[in-house]
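Spelled out, the chains give:
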Amino acid sequence: MSGQGSCERPVFIADHMLGKLARWLRIVGYDTVFSPRFSDADIARVALREKRIVLTRDRGLVARAAVTRCIFIRSQEHGDQLRQVFEVLNLTPDAGRIFSICPVCNRSVTAVEKESVRGAVPEYVFETKENFSKCPECGRVFWRGTHHQRTIAKFMKIFRKG
Ligand SMILES: [Zn+2]
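Residues numbered from 1 in each chain as written. Predicted model: local features only at pLDDT ≥ 70, side-chain atom pairs only at ≥ 80, totals over all residues.

(A) Region of the structure containing the sheet that holds strand S1 (residues 12-14). Ordered in space as S2-S1-S3-S4, the four strands form an open sheet in which the pairing is parallel. Either end of the sheet is taken by a strand with one partner, and the two such strands are strand S2 (32-34) and strand S4 (70-72). Here the average twist between neighbouring strands, direction ignored, is 25°. Of the strand pairs in this sheet, S1 and S2 are connected by three bridges, and their pairing is parallel. Bridge pairing in S2 places Ala14 opposite Phe34. (Pairing = 2+ DSSP bridges. Helix = DSSP H or I, 4+ residues; strand = E, 2+ residues; numbered from the N terminus. Axes fitted to C-alpha atoms, helices over the stretch in contact; angles between N-to-C directions.)

Written out as structure tokens, the structure is:
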């Protein structure tokens, strides 16, 4: 799962008003830096250093971030926001990428041996699923269960609205 995306796949940094959008971008597989503590200057600096696209609802930050790529987010609703980012960059919704990045840490998750998650996931999940992945940062375990299905459904609904 690792190794892809550094050349073509856009990476983002979201301002303090866009925490929910940042979480969604991670859920659908886009590397997105977010911290509620970042100042405008921090965001501009990280964006420049890591070639990240700035996502912001702040006109002032748009001006400051002019040296790098920036998308001014119009809506206050995270579904509309996500759709705007996909439209502006002409990205294709890809359900296969869901949970390839940890929504909490923004780290790529990696496939792990089934045996290694025994006790870390509910017993019925362990009994019925074969493929697990794990966040190297927080240790959260991911699998394709009902939560995964519900997330895909939500994701697809966002794009049907458009
Ligand atoms: Zn994590």
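(B) A look at the nonpolar core. Counting residues in each nonpolar core, the largest one holds 31 residues, and the members touching the most others are Phe12, Ala14, Leu21, Leu25, Val54 and Leu55. Residue contributions to this core peak at five residues, all from helix H1 (residues 19-27). No fewer than three residues from each of domain 1 (12-97) and domain 2 (110-160) sit in this core. If near-sequence neighbours (up to four positions away) are discounted, Leu55 is found in contact with Phe12, Ala14, Asp15, Leu18, Leu21, Ile71, Ile73 and Val85. (Core = buried A, V, L, I, M, F, W, Y, C linked by C-beta atoms within 7 Å. Buried ≥ 20, exposed ≤ 12 C-beta atoms within 10 Å, placed from the backbone. Domains from an automatic or database assignment. Contact = placed C-beta atoms within 7 Å.)

(C) Spotlight on the environment of Ile43. Tracing the chain through its elements places Ile43 in helix H2 (residues 40-50). Under the C-beta neighbour-count criterion, Ile43 is labelled buried, with 27 such atoms within 10 Å. For the pair Ile43 and Leu61, spaced 18 residues apart in sequence, the C-alpha separation works out to 8.6 Å.

(D) Inspection of the sheet that holds strand S7 (residues 141-143) at higher detail. Pairing is antiparallel in the open sheet, where three strands are placed in the order S5-S6-S7. Only two strands of the sheet have a single neighbouring strand rather than two, namely strand S5 (110-112) and S7. Strand-to-strand twist of the sheet, defined as the mean angle between neighbouring strand axes without regard to direction, takes the value 45°. With three bridges connecting them, S5 and strand S6 (residues 132-134) associate as antiparallel partners. By the bridge assignment, Val112 is partnered in S6 with Phe132.

(E) Spotlight on the pairing of strand S3 (residues 53-56). Residues of S3 alternate between two faces, with Ile53 and Leu55 on one and Val54 and Thr56 on the opposite face, all of them buried. Two strands pair when backbone bridges link them, and S3 and S4 are joined in this way by three bridges, in the parallel orientation. Across the sheet, Leu55 pairs through a bridge with Ile71, a residue of S4.

(F) Region of the structure containing unusual backbone geometry. For Asn90, which is not a glycine, the phi torsion comes out positive at approximately 55°. Within the secondary structure layout, Asn90 lies in the loop between helix H4 (78-89) and S5. Residue Asn106 is not a glycine yet carries a positive backbone phi of 65°. Within the secondary structure layout, Asn106 lies in the loop between H4 and S5.

(G) Representation of the domain arrangement of the chain. Domain annotation for the chain reports domain 1 (12-97) and domain 2 (110-160). Taken over C-alpha atoms, the centre of domain 1 sits 26 Å from the centre of domain 2. At three residues, H4 tops the list of elements feeding residues into the side of domain 1 that touches domain 2. Of the residues that constitute the side of domain 1 that touches domain 2, the class distribution is five nonpolar, one polar and one charged. (Nonpolar A, V, L, I, M, F, W, Y, C, P; charged D, E, K, R; others polar.)

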